[in-house]
Amino acid sequence: MTNSWEDIKNADVVFVMGGNPAENHPCGFKWAIKARQERGAKIICVDVRYTRTAAVSDIFVQIRPGSDIAFMGGLINYVLQNKKYNEEYVRHFTNATYIVKDTYNFDPETGLFSGYDPEKRRYDTKLWDYERDEKGMVKKDMTMEHPRCVFQLLKQFYSRYTPEVVEKITGVPKEKFLEVAKIIAETGAPDKSMTHLYALGWTHHSWGTQVIGSMAILQLLLGNIGVPGGGINALRGHSNVQGVTDLAGEGRFLHGYLRPPKPEQQTLKDYIEANTPKPWDEGSMNYWSNYSKFIVSLLKAYYGDAATPENDFAYHFLPKQDKVIAWDEAIDRMYRGKMEGLVSLGVNILANTPNVNKTVEALSKLKWMVVVELFETEMASFWKQAKNPEAVKTEVLLLPSALFAEKEGTKTNSGRRLSWQYKAVDPPGDAKSEYWIAGRLYMKLKELYQKEGGKFPDPILKARWPYKNPYEPTADEVLALEINGVALADLTDDKGNVVVKKGERLPSFTMLRDDGTTACGMWLYCGVYPQSGNRAKNTDLSDPSGLGIYPNFGFSWPANRRILYNRASADPTGKPWSPKKKLLWWDEKEGKWVGHDVPDIKPDLPPEYGPFIMLPEGRGRLYNFFLADGPFPEHYEPYESPVQNVLHPKTSTNPVVKIYKSELDLLGTPDKFPYCATTYRLTEHFHFWTKHVYGASVLFQKIFVEIPEELAKELGIKEGDKVRIVTARGSAEAYALPTKRIKPLIVNGKKVYTVGIPIHWGFEGFVKGALANLATPYVWDPNSQTPEFKGFLCNIEKVKA
Ligand SMILES: Nc1nc2c(c(=O)[nH]1)N[C@H]1C(S)=C(S)[C@@H](COP(=O)(O)OP(=O)(O)OC[C@H]3O[C@@H](n4cnc5c(=O)[nH]c(N)nc54)[C@H](O)[C@@H]3O)O[C@H]1N2
Ligand SMILES: Nc1nc2c(c(=O)[nH]1)N[C@H]1C(S)=C(S)[C@@H](COP(=O)(O)OP(=O)(O)OC[C@H]3O[C@@H](n4cnc5c(=O)[nH]c(N)nc54)[C@H](O)[C@@H]3O)O[C@H]1N2
Ligand SMILES: [Mo]
């Protein structure tokens, strides 16, 4: 989230597209209801089916799965054509004025940007760069009239997305689209704001990153980023998935979104140079210029005394990767027999990954697998799903784990806020917390390396392990000593005064040094546990500004800031855009930023500096040449689609989509698989584990799929009939639930039906049913490596009783 849950109450419009928060985030959704009750906010819901979010919204729009970028393109075009954007915001706070090189081009006929290599299925993204002067600064035109400035390119690009084209692609009637566009466009007024809430309805596509980029464009045009009641708010999944992402839960990053080293970065100097951007604009604060402090402090946290200035702070201990091994790639490697073992902790890959048959084969090729779990899940007994279970040789070791209420630690919610969670009860039987498991695992590995040696023992033998009981670190120690970090020498200010004593916990990441005198395992969390105590434990409910800031409730990263980019809540001179939503302003007398939130800019930097301090531009990107599939989001059909792309049939789908050779034969076409399908959650279950709980299981005892009433009638299917959903990957049986919630849509003259598949069943637990992912395609977003779970093709067969 750029903002926070509590901040949603400040919105004038709550735009929900790509999620179903009333059912999947019911606790946080109360803030949307509050916005409506207290300030008359309008709730707009765009979904492929009528949900409980739709039921409480002012406007519900049913859209065809996978056509969201077209809808967004239409909104961007509407705002530009009708001059509803916040012009001053756009001019000063975005890259609208930047001039793009003439090697950038988009051909509306072919649907391709310049630099496409059909062999490698990749773009040469360098062609899309800005024009620059000899110092590397971007050339600008403050009038925004230059034919190759971002603003003009943007206008031209989206001029194709007329309301008529939106209707043809999405199936949303033009009038309905315009009704929504009008309400949204009004939030371009300086005193109005719109919040956007999304989750998987947007990420689970072969262009998921791009559709979120399209919202960034819309919200920047409307001046809705950095302001109370605005922002782009990703509603995260598991209660601590934000924490997992922050703390290197995926291979793409080290802790705190630092980059894993590449093979060509052999020295720390090479690595730091490659990852420290130079400013591209005079008015750019360019916060990542501090990169060296974050990485050196991280190396000190990893390796302690073994990391010295003389040995590059043990940089050589870090593996150098030429390629990121994401989830899809790891499974593909197992599938090709290139992995020996797997430790699975709190995840059920068998159930959650597309094309289950591939996952079963992949896991069957492992020698061993450790599953740390609360239950015997499908993951632990994956062999039961194999064609020939006796032939599976993988040895599975199931370790019983404590669950959330049986251990303590922090959780980071979608709003980036860390809260402490206390232990309620002891784990039952032999179940142990992960602190116990990880501590023993580490100590055993160390012992084995000491005894037997090994290829590269140092990173294990010399890891910093500052815990009282090395066999069982406590959550408190991990947060205090490892994550928050400590001073390793007295730290002094400019005048030579000692500000943090050796051994003390660090108060903020502004104290981090690149000379080895600080250790910090995650720079963004630095300050959660200063000498004064654990701020994640704060539960003060006072909110002096009334804006839902709650400064002393938990700790919100970075620096306890509640609204990111909040300098943009004031105009270019430093005056708040909205007198009613005053968040931050420039105090001329004091020469600094003051207000209700922690400023997202160096406090004494004058207003000329851009608010987007993490970008070398200092400005928000309406044009972003860092994505694999183009600097502007373009509508491509889902990889399996019932229709051709209306805009450019020659390139119907994302030309740089990530797909594996072994999967190319497993794609369906509309002649054999005529219906659109999508998958989603039900409030009553949490993925694949609440079916191990009796109380939750009785709520939905039978697996079902939702079929539009009209289609059920056509196929002669009645409620409770058994049907088979068939795709090019496999098939799943379920009971039919004919529904009014998903209506057929007319898409470019063709009637398109959508079938809805809830995901919660499996072959373990109290209630059983086919895994939804037997049906889904192994097709991935090239930027985020997220699978296309929402928009694929299926057929329906009636199963004879
Ligand atoms: N009760 C409950 N709550 C949960 C979870 C759970 O399992 N149970 N899981 C948690 C997790 S991990 C996550 S990530 C979140 C997920 O939260 P959500 O993203 O809200 O989850 P989904 O239900 O998968 O999908 C949301 C909506 O997207 C719609 N949709 C499908 N295809 C499209 C499309 O192409 N375009 C648009 N605009 N909408 C589409 C679906 O109809 C559905 O209503 O929920 C979290 N909360
Ligand atoms: N078709 C389709 N597939 C999907 C999705 C979809 O919308 N459609 N959604 C995707 C998304 S967003 C997600 S997040 C995944 C969800 O996929 P998973 O995250 O794999 O699903 P869960 O069932 O939540 O698995 C979590 C496991 O952790 C265990 N667990 C809980 N607490 C603890 C603990 O404290 N310690 C340990 N060691 N274990 C614990 C639970 O018993 C459970 O088995 O599914 C993905 N797959
Ligand atoms: Mo999720």
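Residues numbered from 1 in each chain as written. Chains lettered and ligands numbered in written order. Predicted model: local features only at pLDDT ≥ 70, side-chain atom pairs only at ≥ 80, totals over all residues. Heavy atoms only, no water.

Overview of the domain arrangement of the protein
Taken domain by domain, the protein consists of domain 1 (6-237), domain 2 (327-452) and domain 3 (649-798). For domain 1 and domain 3, the distance between their C-alpha centroids amounts to 27 Å. At the junction of the two partners, domain 1 supplies 33 residues and domain 3 supplies 35 residues. Regarding the contact of domain 1 and domain 3, the summed buried area is about 2,900 Å², with carbon and sulfur atoms giving 53% of it. Counting the surface domain 1 buries against domain 3, the share from its top three residues, Arg49, His204 and Ser206, is 23%. (Domains from an automatic or database assignment. Contact = heavy atoms within 4.5 Å. Buried area = accessible area lost by both parts, 1.4 Å probe.)

Details of the site of ligand 2
Surveying the vicinity of ligand 2 reveals 28 residues, the closest of which are Asn348, Glu373, Lys407, Glu434 and Asn773. At 2.9 Å, a side-chain N or O of Arg681 approaches a nitrogen atom of ligand 2. Here an oxygen atom of ligand 2 and a side-chain polar atom of Lys790 are 3.0 Å apart. About the coverage of ligand 2: the protein hides 89% of its 900 Å² of free accessible area. (Near = heavy atom within 4 Å. Polar contact = N/O pair within 3.5 Å; in protein donor to acceptor, adjacent residues only side chain to side chain. Areas by Shrake-Rupley, 256 points an atom, 1.4 Å probe, with all protein chains shown as cover.)

A look at the UniProt feature "domain: Molybdopterin dinucleotide-binding" (unreviewed entry) in the protein
The sites that UniProt annotates as "domain: Molybdopterin dinucleotide-binding" (unreviewed entry) are residues 678-792. Overall, residues 678-792 shows 10% helix and 33% strand. The separation of its end C-alpha atoms is 7 Å. (UniProt positions renumbered as here; feature names shortened; annotations may be inferred. Helix = DSSP H or I, 4+ residues; strand = E, 2+ residues; numbered from the N terminus.)

Notes on the sheet that holds strand 2 (residues 42-47)
Overall, parallel pairing links the 5 strands, which are arranged 3-2-1-8-9 in an open sheet. What marks the edges here is a single partner per strand, and that holds for strand 3 (59-62) and strand 9 (232-234). Taken pair by pair, the neighbouring strands of this sheet meet at an average axis angle of 15°, ignoring direction. Here 5 bridges tie strand 1 (residues 13-17) to strand 2, and the two strands are oriented parallel to one another. Bridging across to strand 2, Val16 finds its partner in Cys45. (Pairing = 2+ DSSP bridges. Axes fitted to C-alpha atoms, helices over the stretch in contact; angles between N-to-C directions.)

Details of the site of ligand 1
As a matter of local geometry, ligand 1 sits amid 30 residues, with Asp47, Asp68, Leu200, Arg681 and His685 nearest to it. Separating an oxygen atom of ligand 1 from a side-chain N or O atom of Asn24 is a distance of 2.8 Å. Between ligand 1 and Gly66 there is a distance of 2.8 Å, counted from an oxygen atom to a backbone nitrogen or oxygen. Protein burial of ligand 1: of its 910 Å² of free accessible surface, 95% is covered by the chains. Taken together, the residues of the shell around ligand 1 break down into 8 nonpolar, 16 polar and 6 charged. Both of domain 1 (6-237) and domain 3 (649-798) provide at least three residues apiece to the shell around ligand 1. (Nonpolar A, V, L, I, M, F, W, Y, C, P; charged D, E, K, R; others polar.)

What to know about the packing of helix 4 (residues 68-81) against helix 8 (residues 174-185)
Contact geometry of helix 4 with helix 8 gives a least axis separation of 10 Å together with a crossing angle of 55°. As summarised for this structure, helix 4 and helix 8 are arranged oblique, according to the angle between their axes. For the element pair helix 4 and helix 8, the recorded crossing hand is right-handed. Each of Phe71, Gly74, Leu75, Tyr78 and Val79 in helix 4 lies in contact with helix 8, whose residues at this interface are Phe177, Leu178, Val180, Ala181, Lys182, Ile184 and Ala185. Across the contact of helix 4 with helix 8, the residue classes break down as 10 nonpolar, 1 polar and 1 charged. (Parallel < 35°, antiparallel > 145°, perpendicular 65-115°, else oblique. Left-handed = near helix turned anticlockwise from the far one by under 90°.)

Some thoughts on helix 17 (residues 434-452)
For helix 17, which comprises 19 residues, the first-to-last C-alpha distance of 26 Å matches the rise-based estimate of 27 Å (1.5 Å per residue) to within 8%. Elements that come into contact with the buried residues of helix 17 comprise strand 11 (368-373), strand 12 (395-400) and helix 18 (458-461). Two or three places before Tyr435, at the opening of helix 17, Ser433 has a side-chain oxygen 3.2 Å from that residue's backbone nitrogen. (Expected span 1.5 Å × (residues − 1).)

Comments concerning the side chain of Asn95
By secondary structure assignment, the location of Asn95 is in the loop between helix 5 (87-93) and strand 4 (106-107). By relative accessible area, Asn95 is classed as buried at 0%. (Buried < 20%, exposed > 50% of the residue type's maximum accessible area, 1.4 Å probe, protein only.)

Section: the packing of aromatic side chains
Within this structure, the stated rule accounts for 57 aromatic pairs. Taking NZ or CZ as reference, Arg49 lies 3.5 Å from the ring centre of Tyr680, over its face. A cation sits over an aromatic face here: Lys365 above Tyr335, 4.7 Å from the ring centre. (Phe/Tyr/Trp six-rings, centres within 6.5 Å; stacked < 30°, edge-to-face > 60°. Lys NZ or Arg CZ within 6 Å of the ring centre and 35° of its normal.)

What to know about the packing of helix 7 (residues 163-170) against helix 8
Viewed as axis vectors pointing N to C, helix 7 and helix 8 meet at an angle of 115°, and their least axial separation amounts to 9 Å. Considering the relative orientation of helix 7 and helix 8, their crossing is right-handed. Within the contact between the two elements, helix 7 uses Pro163, Glu164, Val166 and Glu167 and helix 8 uses Lys174, Phe177 and Leu178. Counted by class, the contact of helix 7 with helix 8 contains 4 nonpolar, no polar and 3 charged residues.

A short note on the pattern of salt bridges
Here the structure, examined in full by the defined rule, presents 46 salt bridges. With its nearest N and O atoms 3.8 Å apart, the salt bridge here joins Lys126 to Asp124. Overall, Asp124 belongs to the partly exposed group, its relative accessible area being 31%. Of the charged contacts, one joins Asp600 and Arg561 as a salt bridge, the two residues approaching to 3.2 Å between their closest N and O atoms. A residue pair is termed long-range when its members are at least 10 positions apart, and Asp600 in the loop between strand 21 (592-595) and strand 22 (658-659) and Arg561 in the loop between strand 19 (555-556) and strand 20 (584-587) qualify at 39 residues. The pair formed by Asp600 and Arg561 is uniform in burial state, with each residue classed as buried. (Salt bridge = Lys/Arg side-chain N within 4 Å of Asp/Glu carboxyl O.)

A word on the nonpolar core
Membership of the largest hydrophobic core comes to 79 residues, with the highest contact counts inside it found for Phe15, Phe71, Tyr104, Leu218 and Leu221. Looking at which element gives the most residues to this core, the answer is helix 4, with 9 residues. With residues near it in sequence (within four places) discarded, Leu218 still touches Met72, Leu75, Ile76, Val79, Ile184 and Met194. If you look at the next biggest cluster of nonpolar residues, it comprises 53 residues, including Leu268, Leu298, Cys520 and Ile601. (Core = buried A, V, L, I, M, F, W, Y, C linked by side-chain atoms within 4.5 Å.)

Topic: helix 14 (residues 327-335)
Of all the residues in helix 14, the buried ones are Asp328, Glu329, Ala330, Ile331, Asp332 and Met334. Just past helix 14, the residue Gly337 takes up positive phi, approximately 75°.

Re unusual backbone geometry
Residue Pro558 follows Trp557 across a cis peptide bond; omega there is -5°. Its place among the elements puts Pro558 in the loop between strand 19 and strand 20. Non-glycine residue Asn355 carries a positive phi angle of around 50°. Residue placement: Asn355 occurs in the loop between helix 15 (349-352) and helix 16 (356-364). We classify Asn355 as buried; its relative accessible area is 3%. With phi around 60°, Ala559 is a residue other than glycine that occupies positive phi space. Classification of Ala559 by relative accessible area gives partly exposed; the value is 29%.

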